[in-house]
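For reference, the chains in residue letters:
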Amino acid sequence: MTISYYCATAFLIGTAVGLSELLSRYAWTFRDIVKLSAGLTYLGLNGLVAVVGYLAAVQWNLLSALHDRNELWRVLAISLLAMAALRSAFANIRVGGKEVAAGLASFIEIFLRRAERELDQKLGFERLNAIADALEGLTYSATKDFFLAMTEGVLRSLTKPDVEGLQNDVAKIDALEVDDTTKMALLGMRIVERTNLSLFVSLAQRAKVQLAPANKLATEAASDRLEKLLAAKNRLQ
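Okay, so let's go over this structure. Note that the structure is predicted; figures quoted are calculated from it, not measured. (Residues numbered from 1 in each chain as written. Predicted model: local features only at pLDDT ≥ 70, side-chain atom pairs only at ≥ 80, totals over all residues. Heavy atoms only, no water.)

**Some words on the pattern of salt bridges**
Next up, step 1: Inspection of the entire model under this criterion finds seven salt bridges.
Next up, step 2: Of the charged contacts, one joins arginine 74 and glutamate 71 as a salt bridge, the two residues approaching to 3.1 Å between their closest N and O atoms. In this pair, arginine 74 and glutamate 71 are both assigned in helix α5 (residues 71–86), three residues apart and thus about one turn of the helix distant. Here arginine 74 matches glutamate 71 in class, with each residue buried.
Next up, step 3: Residues arginine 113 and glutamate 109 are paired through a salt bridge, measuring 2.5 Å at the closest nitrogen-oxygen approach. Residue arginine 113 and its partner glutamate 109 are both found in helix α6 (residues 104–134); the two are separated by four residues, about one turn of the helix.
Next up, step 4: The exposure class of arginine 113 is partly exposed, given its relative accessible area of 32%.
Next up, step 5: What makes glutamate 109 partly exposed here is its relative accessible area of 30%.
Next up, step 6: Within this structure, Glu109, Arg113 and Glu116 form a network of salt bridges that share partners. (Salt bridge = Lys/Arg side-chain N within 4 Å of Asp/Glu carboxyl O. Helix = DSSP H or I, 4+ residues; strand = E, 2+ residues; numbered from the N terminus. Buried < 20%, exposed > 50% of the residue type's maximum accessible area, 1.4 Å probe, protein only.)

In structure tokens:
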């Protein structure tokens, strides 16, 4: 096999490591990552570093014992070592009140943060639109407990920290002085982050059927409160 074949293999190993890193952070999919330039740049950078590491190993005859067995073993070992080196820091430097990694880790961090920002902004916008459509006719006060119970009950893969994190998010949403619609949208975003959009849409459809009377009462109660507030405001003027 030619060296170009081994370089291509090293590139794939590097991109696979970068891809697994992005996939493990949030509820992003492979399609989401490769559709954005920042995601492709991050994957390409990891692949390029793996290729450079392999070419350096060939030039300096590193891990020659593995080469005697099968060159693919050396490709794998060098590529993984290159990925580890790319994420390494030989020291932490304090800048102001923050500690900054000094080494290749600070370099890769720039591209990682850029990919995260673009993915978060794009997916956040798409999810918000999809959630808004799914939540039409639902109220936070009437459906909050239903969403929490169903999410925790249906998904056995949710870990204890996931459940506790969701409960903490709900407590923060409860404390916000915003309207019911905003609270419902925030709850939807938090659930989708820990599960997926299709599950949330399915739960919303069930809630519209099972909790229709409760949502109607909550909507009417909110309307009555608004009318009373407007009437009180008019009397004060």
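**Description of helix α8 (residues 160–175)**
Next up, step 1: Spanning 16 residues, α8 covers 23 Å between terminal C-alpha atoms, matching the ideal 22 Å at 1.5 Å per step.
Next up, step 2: Contacts from the buried residues of α8 go to α7 (140–154) and α9 (180–194). (Expected span 1.5 Å × (residues − 1). Contact = heavy atoms within 4.5 Å.)

**What about the packing of helix α1 (residues 3–23) against α5?**
Next up, step 1: Contact geometry for α1 and α5: axes closest at 9 Å, N-to-C directions at 40 degrees. Looking at the two axes, α1 sits oblique to α5. For the element pair α1 and α5, the recorded crossing hand is right-handed. Together, Tyr5, Tyr6, Thr9, Ala10, Ile13, Gly14 and Val17 of α1 and Glu71, Leu72, Val75, Leu76, Ser79, Leu80 and Met83 of α5 make up the contact between the two elements. (Axes fitted to C-alpha atoms, helices over the stretch in contact; angles between N-to-C directions. Parallel < 35°, antiparallel > 145°, perpendicular 65-115°, else oblique. Left-handed = near helix turned anticlockwise from the far one by under 90°.)

**A look at the nonpolar core**
Note on soluble globular proteins: their nonpolar side chains tend to be buried together.
Next up, step 1: Ranked by internal contacts, the top residues of the largest apolar core, which has 27 residues, are Ala10, Leu22, Trp28, Ile33, Tyr42, Tyr54 and Val75.
Next up, step 2: Beyond its immediate chain neighbours, meaning those up to four positions away, alanine 10 contacts Gly47, Ala50, Val51, Tyr54, Val75 and Ser79.
Next up, step 3: Phe146, Leu203, Ala204 and Ala207 belong to the second largest nonpolar core, which has 22 residues in total. (Core = buried A, V, L, I, M, F, W, Y, C linked by side-chain atoms within 4.5 Å.)

**Examining the side chain of asparagine 215**
Next up, step 1: Secondary-structure assignment places asparagine 215 in helix α11 (residues 212–236).
Next up, step 2: For asparagine 215, a relative accessible area of 3% puts it in the buried group.
Next up, step 3: Filtering out sequence-adjacent residues up to four positions away, asparagine 215 remains in contact with Gly137, Leu138, Thr139, Ala142, Thr143 and Ala207.

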